[in-house]
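# Commentary on secondary and tertiary structure
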Amino acid sequence: MTHFPKVTNHVRPVGAAPALLLGAFLCASSSVWAAPVTPQKADRFVDSMGINTHWNYSEYGAPGTTRYTQVKAKLQELGLRHARDNALQPSINASLDLWNTIGVKTTFICGRKSGGSLVSSQIDAELDSLEPVAAAIAALEGPNEYDEQSPDSETNWASKLVDYQKILFTQSNNSTLHAPLNALPVIAPSVTSPTAANAVYAANGNANLGPWIDYNCLHMYQSSRWPGTPGWGANGYGSIDWGINLIGAPLGGSKTIQSTEGGYNTGRTSEDRYVIPDVEARYLPRMFAEFFRRGFFRSFKYELVDAAGDNGFGLMDASLNIRPAFTSVKNLVTAMKDPSPLTNFTPTALDFTLSGVGSDTRQLFFQKSDGSYYLMLWRETSSMNPDTKAPITVPTDTVTLALPASITSVSTNLPKNNATFSSVAISSGQVTLEVPDHILIVRLGGSATIRYEAENLTELALSSGDTVTDFTETGLSNNAATLLNANASGDFVTYRVNVPQARSYKIFVGVKKKNNRGIFQMATAASLTSNYNNRGSAQDTYNSTSTTNRLEITTMTFDSAGDKAFRFLCTGKNGSSSGFGLCFDYIELVPQ
């Protein structure tokens, strides 16, 4: 693997990663998976994902600046709850605001230096600076890639690193000196190669750092290969197992691993971790899932915004334009997050069978506090030729999911494409699924809210002479919506909505209000040609300024599941409105 040159006080990409198998998945070596499986909490998976930041860089901005506000808003939109940064004052200042305003905790990299060399006498001062923001900290991490960042003349770098880590662990747990930090876990320092890990092992008297850490540490970069690559050299070079066995074992023994850096570059074709943007949108959610599957406690993508010297690693470029992987991760978080605390419920097992499974298809199984199950499937294979950088068209793996009678509804989501779950028909207790080379989420039962993005709905009918236009805009659900170009009362559009269960739902409609919008009345029918019944009252979507709104329409009971007709009829316009147009963002059903 190619590493960056040494850069003081700069968290850079490099290295390899860890692993321990979890009971959240079934063996992928068989064509049939069949067993009662106890799921993990879905929110635990969301909590395992993080992002590297650099709030001391101008590309991020300091609290109180416009740039900082813009970047923070994007971080909030992304939905990740964990950041990793250097323990420098600008980032320390930002951490408390991030925690208090958007619920993001920071893992801080410790390691103050003078002339590029670690200074152990500065550890207490460094910890003192972190105490005021202790509530905003998730963990403390040892020095970053010191085998590469130490001065070339420092031949005893490994001994200095070992001494620093021991003092950091001891002092951060000292109840007299640093009581506010005592509850924080300490992560091992990162190194970039087996040679460096063995040097640390030797410097510690032929022993790993296990007694001086709570978590092991790896930087899992797999060049331009896929997350589950078996490697591309001696001993599986670059694979997860290579990282665990040749870096993780001598560094931290059997301690659970956090991969505090990983990911790809999409901005520089000369960079050895370069992948095309569409492939990163496939690989990055798979990276989080594969690392979780292998037992990583938390994994951090490098990084949020392109920074000087690291162009192309960001989920956004320096102008804050989002890359495709930003959207796929955002959608993954949206699909999997659970509003209830992690400790709020005990997951229950489900007996199901998945047959026709290919050798590279992977699975994770989760449950949310509302009782719904989430089966995550993906093909862990190459989506791009790492040498030519040409995309590879990967066929889907057709599998059959056999379910118990207790599961009466199934819906699927592809986070790479959107955040919408679409209902799937159950036939004789079975569902056929097409597993792609990016994450497929299968929701089983439960009473989770279902959101239908308007731009993805089928139009069953449209008033004569009128059109419906799809458009994209940041801030809308899934960043897209539809516009019924109505020009008079009586114009309408009818959508097909697949209702997953016969039950009561509270119905919401997302709209974009504006100064040229009309008034609509929603009605539903069992089919396009059945009798329509008005639902709720007429809704005025005029507003003097452009706003997005979630309108509560009504609560109603559907006597049967399946496709229903939802009609939106223009009934007029506000006297201040200059038009009759109707903009629909989504339809949302909330089980009651």
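Residues numbered from 1 in each chain as written. Predicted model: local features only at pLDDT ≥ 70, side-chain atom pairs only at ≥ 80, totals over all residues. Heavy atoms only, no water.

## Comments concerning the sheet that holds strand 12 (residues 298–301)
With respect to topology, 8 strands assemble into an open sheet ordered 9-8-5-4-3-12-11-10, the strand pairing being parallel. The two strands at the open ends of the sheet, each matched to only one other strand, are strand 9 (186–187) and strand 10 (216–220). Strands in contact with helix 9 (residues 277–293) are strand 3 (49–52), strand 10, strand 11 (257–262) and strand 12; relative to strand 12, the strand with the most contacts, it is inclined by about 160°. (Pairing = 2+ DSSP bridges. Helix = DSSP H or I, 4+ residues; strand = E, 2+ residues; numbered from the N terminus. Contact = heavy atoms within 4.5 Å. Axes fitted to C-alpha atoms, helices over the stretch in contact; angles between N-to-C directions.)

## Details of helix 9
With 17 residues, helix 9 extends 24 Å from end C-alpha to end C-alpha; this agrees with the ideal 24 Å at 1.5 Å per step. Of all 17 residues that make up helix 9, 15 are buried, and the element is covered over most of its length. G295 occupies a position one or two residues after helix 9 and carries a positive phi of about 105°. (Expected span 1.5 Å × (residues − 1). Buried < 20%, exposed > 50% of the residue type's maximum accessible area, 1.4 Å probe, protein only.)

## Examining the nonpolar core
In this structure, F45, L130, L304, M336, F366 and M376 are the most contacted members of the largest nonpolar core, which totals 88 residues. Each residue touching M336, except ones within four places of it in the same chain, is listed here: A42, D43, F45, V46, F366, K368, Y374, M376 and I441. V468, L551, I553 and L589 belong to the second largest nonpolar core, which has 29 residues in total. (Core = buried A, V, L, I, M, F, W, Y, C linked by side-chain atoms within 4.5 Å.)

## Things to note about the packing of helix 2 (residues 66–78) against helix 10 (residues 324–336)
At a minimum axis separation of 8 Å, helix 2 and helix 10 run at an interaxial angle of 50°. Considering their axes alone, helix 2 and helix 10 lie oblique with respect to each other. Residues K74, E77 and L78 of helix 2 touch helix 10, and the partners they reach there are F326, V329, K330 and V333. Its residues assigned to classes, the contact of helix 2 with helix 10 shows 4 nonpolar, no polar and 3 charged. (Parallel < 35°, antiparallel > 145°, perpendicular 65-115°, else oblique. Nonpolar A, V, L, I, M, F, W, Y, C, P; charged D, E, K, R; others polar.)

## With respect to the side chain of N216
Along the chain, N216 falls in strand 10. Judged by relative accessible area, which is 0%, N216 ranks as buried. Only 2.8 Å separates the side chain of N216 from the backbone oxygen of G248, close enough to count as a polar contact. Excluding residues that lie within four positions of it along the chain, N216 makes contacts with I187, A188, G248, L251, G252, G253, K255, T256, I257 and Q258. (Polar contact = N/O pair within 3.5 Å; in protein donor to acceptor, adjacent residues only side chain to side chain.)

## With respect to the pattern of salt bridges
This model, assessed by the stated rule, comprises 25 salt bridges. Each of D43, D47, R81 and R298 takes part in salt bridges that share partners, so that together they form one network. (Salt bridge = Lys/Arg side-chain N within 4 Å of Asp/Glu carboxyl O.)

## Some words on the layout of surface pockets
For the largest pocket, the calculated volume is near 900 Å³. Along the wall of the largest pocket there are 35 residues; nearest its centre are T334, A335, K337, R451 and E588. Only helix 2, helix 10, strand 21 (450–453) and strand 31 (582–591) provide two or more residues apiece to the lining of the largest pocket. For the lining of the largest pocket, the leading source of residues is helix 10, giving 5 residues. Taken as a whole, the second largest pocket holds about 220 Å³ of empty space. S422, Y452, N456, L457 and R496 are, among the 13 residues lining the second largest pocket, the residues nearest its centre. Contributions of two or more residues to the lining of the second largest pocket are made by strand 18 (422–424), strand 21 and strand 25 (492–499). A per-element tally of the lining of the second largest pocket places strand 25 first, with 3 residues. (1 Å grid on protein atoms, 1.4 Å probe; cavity = no way out; pocket = protein on both sides within 12 Å on 5 of 7 lines; lining within 4 Å. Points joined across faces, edges and corners; volume = space filled by probe spheres on them.)

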